[in-house]
Amino acid sequence: MLNFDISALPTPCYVVDEKLLKKNLEILASVRERTGCRILLAQKAFSMYSTYPLISKYLDGTTASGLFEVRLGKEEMPDRETHVYSPAYSEKEFGEIVSVADHIVFNSFRQFERFSRFIKESERDIEVGIRMNPEYSEIETDIYNPCFENSRLGTVLSEFPDKLPDGISGLHFHTMCEQGADVLERTVKVVEERFGKYLPGLKWLNFGGGHHITRDDYDVEKLVDVVNYIQNKYGLTVYLEPGEAVALNAGFLVSEVLDTMKNSMDIAILDTSAACHMPDVLEMPYRPNIIGAGMPGEKPYTYRFGGPTCLAGDIIGEYSFDQPLKTGDRLVFCDMAIYSMVKNNTFNGMPLPSIVYCNEQGECTIVKSFGYEDFKSRL
């Protein structure tokens, strides 16, 4: 049941529900408390920084994929850790990265050698790591698989030196996507088999992201066991970098029906676009749930939903309803906090959805609204 009145909101808009966000954060905090591991918000999935004061009460900091995310994490969560990993850093940005990051993970030893002098010259206490590629993953879709054949992400064992260079205090791997603790358990076994000789003496080992810790069927007990096993065996600290798990099922996208038509089947055109406002619908691809809707044919009236752009493939999916849809009807897409705001765009001059925060009392505040200048300023 929604905690807010959809009729009172502008459309389209993203709504993040504080109550649901806190539920996720409490689960993550319980893992921290039971293991002593450290958990970071992966900003690539969720960067709604107005929620960072809340998130910082539960998590240890942020992790970033480049300069702008590093800055955002440092500025909006200044009292927590700021981590960064990139497949390759550029010299023009690295000086600024060094000035704000607490942990820097390199993709290769070549990058480490090139940029280590910047770290020394900064005279800051920065933890430095290398991302390894265990050449093992259970992700079936290559575009999301960091370990698919000829991947650029991480260094394979054959490229590791016999001994880690001075200055390397930890290792990092990221091999998962929306997966459970059973996958992590099998992955850790492979990491131990292939990279085990490097683990003694490390200060930390980063398990990366892709852990669906806050999903209803996730085995939290197994996660706790895996983390404790590694920490106890090697005397190091484990880091986890969930992005999706932080805001999983904590956000919505409210949309309005602009028109209905028929072309062999019923079609509804919405004021929201898969291509612009929920691009993972096309990239993943996946079919987001809509509150009150069923699968095609499950309910009496089935519609294909499309966006208002000129892209023929701007199709959200097919849904069924108990009653016919009409212009002005409101629809609520679920799980729209993650990989939505961070990936949206203004193709065709589409307005960006407003960003709304709903507190635990059901009171909604428009955090950000967008207009023509936001479109024009990008060009």
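This text goes with the structure placed above it.
*Asks:* So what exactly am I meant to see when it comes to the overall build of the protein chain here?
*Replies:* Across its full length, the protein chain carries eleven helices and 16 strands. Counting only residues that meet the buried cut, the protein chain has 54% of its 379 residues in that class. A separation threshold of at least 6 residues defines the contact pool for the protein chain, and within that pool the share at least 24 residues apart is 68%. Total accessible area on the protein chain stands at roughly 17,400 Å², and carbon and sulfur atoms take up 48% of it.

*Asks:* Would you take a moment to explain the packing of aromatic side chains for this structure?
*Replies:* Two numbers describe a pair of aromatic rings. These are the distance of the centres and the angle of the planes. In total, this model carries 19 aromatic pairs according to the counting rule given. Taken together, a centroid distance of 5.5 Å and an interplanar angle of 80° make the contact between tyrosine 89 and phenylalanine 106 edge-to-face. Taken together, the positions of tyrosine 89 in the loop between strand E4 (81–85) and helix H4 (91–100) and phenylalanine 106 in strand E5 (residues 103–106) put the pair 17 residues apart, joining distant regions of the chain. Here tyrosine 89 falls in the buried class, since its relative accessible area comes to 5%. Take phenylalanine 106: its relative accessible area is 0%, and that puts it in the buried class. Ring geometry for phenylalanine 305 and tyrosine 319: centres 5.3 Å apart, planes at 25°, overall stacked. One end of the pair, phenylalanine 305, is in strand E12 (residues 301–306); the other, tyrosine 319, is in strand E13 (residues 315–321), and 14 residues separate them in sequence. When its relative accessible area of 0% is taken as the criterion, phenylalanine 305 is described as buried. Judged by relative accessible area, which is 1%, tyrosine 319 ranks as buried.

*Asks:* Just checking my understanding: could you explain the pattern of salt bridges for this structure?
*Replies:* On inspection of all chains with the given rule, the structure shows 25 salt bridges. A salt bridge links arginine 117 to glutamate 121; the shortest N-O distance between them is 3.8 Å. Of the two residues, arginine 117 and glutamate 121 both sit in helix H5 (residues 109–122), four residues apart, roughly one turn of that helix. Classification of glutamate 121 by relative accessible area gives exposed; the value is 55%. Note that aspartate 217 and arginine 215 form a salt bridge whose closest N and O atoms lie 2.5 Å from each other. The class of arginine 215 is partly exposed, set by a relative accessible area of 27%.

*Asks:* Is there a simple way to explain the nonpolar core in this structure?
*Replies:* Counting 98 residues, the largest nonpolar core has Ile104, Phe106, Leu171, Phe207, Phe305 and Phe333 as its most contacted members. Among the elements that make up this core, the one with the highest residue count is helix H7 (residues 220–234) (seven residues). Residues Phe4, Leu9, Phe252 and Val332 belong to the second largest nonpolar core, which totals nine residues.

*Asks:* Looking at this structure, how should I read unusual backbone geometry?
*Replies:* Backbone phi values are negative for most residues with the exception of glycine, while trans is the configuration of most peptide bonds. A cis amide bond, omega -10°, links threonine 11 with the succeeding residue proline 12. Residue proline 285 is bonded to the preceding methionine 284 through a cis peptide linkage, with omega at -20°. Although it is not a glycine, asparagine 348 adopts a positive phi angle of roughly 70°. With relative accessibility at 38%, the residue asparagine 348 sits in the partly exposed group.

*Asks:* Can you walk me through H5 in this structure?
*Replies:* With 14 residues, H5 should cover 20 Å at 1.5 Å per step; its first-to-last C-alpha distance of 20 Å lies within 8% of that length. The largest bend in H5 is about 45°, located at phenylalanine 115. Looking only at H5, the buried set comprises Phe109, Gln111, Phe112, Phe115, Ser116, Phe118 and Ile119. Elements that come into contact with the buried residues of H5 comprise H4, E5 and strand E6 (127–131).

*Asks:* What's the story with the sheet that holds strand E2 (residues 38–42) in this structure? I'm lost.
*Replies:* Remark on secondary structure: sheet strands pair via backbone hydrogen bonds, oriented parallel or antiparallel. If you walk around this closed barrel you meet the eight strands as E2-E3-E4-E5-E6-E7-E8-E9, and the pairing is parallel. Strand-to-strand twist across the sheet, computed as the mean angle between neighbouring axes with direction ignored, equals 25°. Direction of pairing for strand E7 (residues 170–172) relative to strand E8 (residues 204–206): parallel, over a ladder of three bridges. Bridge pairing links leucine 171 to leucine 205 in E8.

*Asks:* I'm lost on the pairing of strand E10 (residues 251–262) in this one. Help?
*Replies:* One face of the sheet, then the other: side chains in a regular strand alternate in exactly this way. Relative to E10, strand E1 (residues 13–17) runs antiparallel, the two sharing four bridges. Paired with cysteine 13 across the bridge in E10 is valine 254. Both E10 and strand E14 (residues 330–334) contribute to a ladder of five bridges, which runs antiparallel. Note that in E14 the partner of leucine 253 across the bridge is phenylalanine 333. Across five bridges, E10 lies against strand E11 (residues 266–270) in antiparallel orientation. Bridging from a neighbouring strand, aspartate 259 pairs with isoleucine 269 of E11. Connecting E10 to the antiparallel partner E11 that follows it, the hairpin turn spans three residues, and serine 264 within it adopts a positive phi of roughly 70°.

Cut-offs and rules
Residues numbered from 1 in each chain as written. Predicted model: local features only at pLDDT ≥ 70, side-chain atom pairs only at ≥ 80, totals over all residues. Heavy atoms only, no water. Helix = DSSP H or I, 4+ residues; strand = E, 2+ residues; numbered from the N terminus. Buried < 20%, exposed > 50% of the residue type's maximum accessible area, 1.4 Å probe, protein only. Contact = heavy atoms within 4.5 Å. Areas by Shrake-Rupley, 256 points an atom, 1.4 Å probe, with all protein chains shown as cover. Phe/Tyr/Trp six-rings, centres within 6.5 Å; stacked < 30°, edge-to-face > 60°. Salt bridge = Lys/Arg side-chain N within 4 Å of Asp/Glu carboxyl O. Core = buried A, V, L, I, M, F, W, Y, C linked by side-chain atoms within 4.5 Å. Expected span 1.5 Å × (residues − 1). Bend = angle between axes of the 7 residues up to and from the residue. Pairing = 2+ DSSP bridges. Axes fitted to C-alpha atoms, helices over the stretch in contact; angles between N-to-C directions.

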